[in-house]
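# Overview (structure and organization)
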Amino acid sequence: FTEAPPIAFYIAEGVALIFAIMTWLMTPLNHGPKRGMIIYSLFSFLLSIMWIWFIANILIDLLGVLGLILGFKTAYLGITVLAWGNSVGDMMANSAVAKKGFARMALTG
């Protein structure tokens, strides 16, 4: 990393751990949590955004190191990863459609 994650990241991770332990201890195994679902949902959404940010920063740093080692320009590596990221969703959707038996529809995209 070029810089450490902000302190808010660590605070959110600590709060998430506390919420996870509380939910695990206070929720029966055969039912979901009955109270506070909006709070859990909102907090889960915010944490997922933080995880995406964290992993994206790791990917960017790894690409920078790969570019230095192999001598590639970082712009080319960035464009390549952008193209991969843009194609992964389409690939997953087309695979799901093909598995359902609609191979022609999967081929048309």
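So, here's what we can say about the structure. Every value quoted in this text rests on a predicted model; they were computed, and no experiment measured them.

## So, the packing of helix H2 (residues 37-70) against helix H3 (residues 74-99)
One can describe the packing of H2 onto H3 by two numbers: an axis separation of 9 Å at closest approach and a directional angle of 135°. Here H2 is positioned oblique relative to H3, judged by the angle of their axes. For the pair H2 and H3, the crossing hand works out as right-handed. Touching Leu59, Leu63, Gly64, Leu66 and Gly67 of H2 are Thr74, Leu77 and Val81, all from H3. Across the contact of H2 with H3, the residue classes break down as five nonpolar, three polar and no charged.

## Some points on a nonpolar patch on the surface
Taken together, the side chains of Leu17, Ile18, Ile21, Met22, Trp24, Leu25 and Met26 make up a nonpolar region of the molecular surface, amounting to roughly 820 Å² of accessible area. Assignment of secondary structure puts Leu17 in helix H1 (residues 7-26).

## Topic: H2
The terminal C-alpha atoms of H2, which comprises 34 residues, lie 48 Å apart, in line with the 50 Å expected from a rise of 1.5 Å per residue. For H2, every residue scored as buried is listed here: Leu47, Phe54, Leu63 and Gly67. Along its buried surface, H2 packs onto H1 and H3. Where H2 ends, the next residue or the one after it, Gly71, has phi of about 80°, a positive value.

## Points about the packing of aromatic side chains
Here the structure, examined in full by the defined rule, presents one aromatic pair. Here Trp51 and Phe54 contribute two aromatic rings whose centre-to-centre distance is 5.8 Å and whose plane-to-plane angle is 85°, an arrangement assigned as edge-to-face. Residue Trp51 and its partner Phe54 are both found in helix H2; the two are separated by three residues, about one turn of the helix. A relative accessible area of 17% means that Phe54 is categorised as buried.

Thresholds, definitions, all that
Residues numbered from 1 in each chain as written. Predicted model: local features only at pLDDT ≥ 70, side-chain atom pairs only at ≥ 80, totals over all residues. Heavy atoms only, no water. Axes fitted to C-alpha atoms, helices over the stretch in contact; angles between N-to-C directions. Helix = DSSP H or I, 4+ residues; strand = E, 2+ residues; numbered from the N terminus. Parallel < 35°, antiparallel > 145°, perpendicular 65-115°, else oblique. Left-handed = near helix turned anticlockwise from the far one by under 90°. Contact = heavy atoms within 4.5 Å. Nonpolar A, V, L, I, M, F, W, Y, C, P; charged D, E, K, R; others polar. Patch = residues over 30% accessible without salt bridge, like charges linked within 9 Å, V, L, I, M, F, W, Y side chains within 5 Å. Areas by Shrake-Rupley, 256 points an atom, 1.4 Å probe, with all protein chains shown as cover. Salt bridge = Lys/Arg side-chain N within 4 Å of Asp/Glu carboxyl O. Expected span 1.5 Å × (residues − 1). Buried < 20%, exposed > 50% of the residue type's maximum accessible area, 1.4 Å probe, protein only. Phe/Tyr/Trp six-rings, centres within 6.5 Å; stacked < 30°, edge-to-face > 60°.

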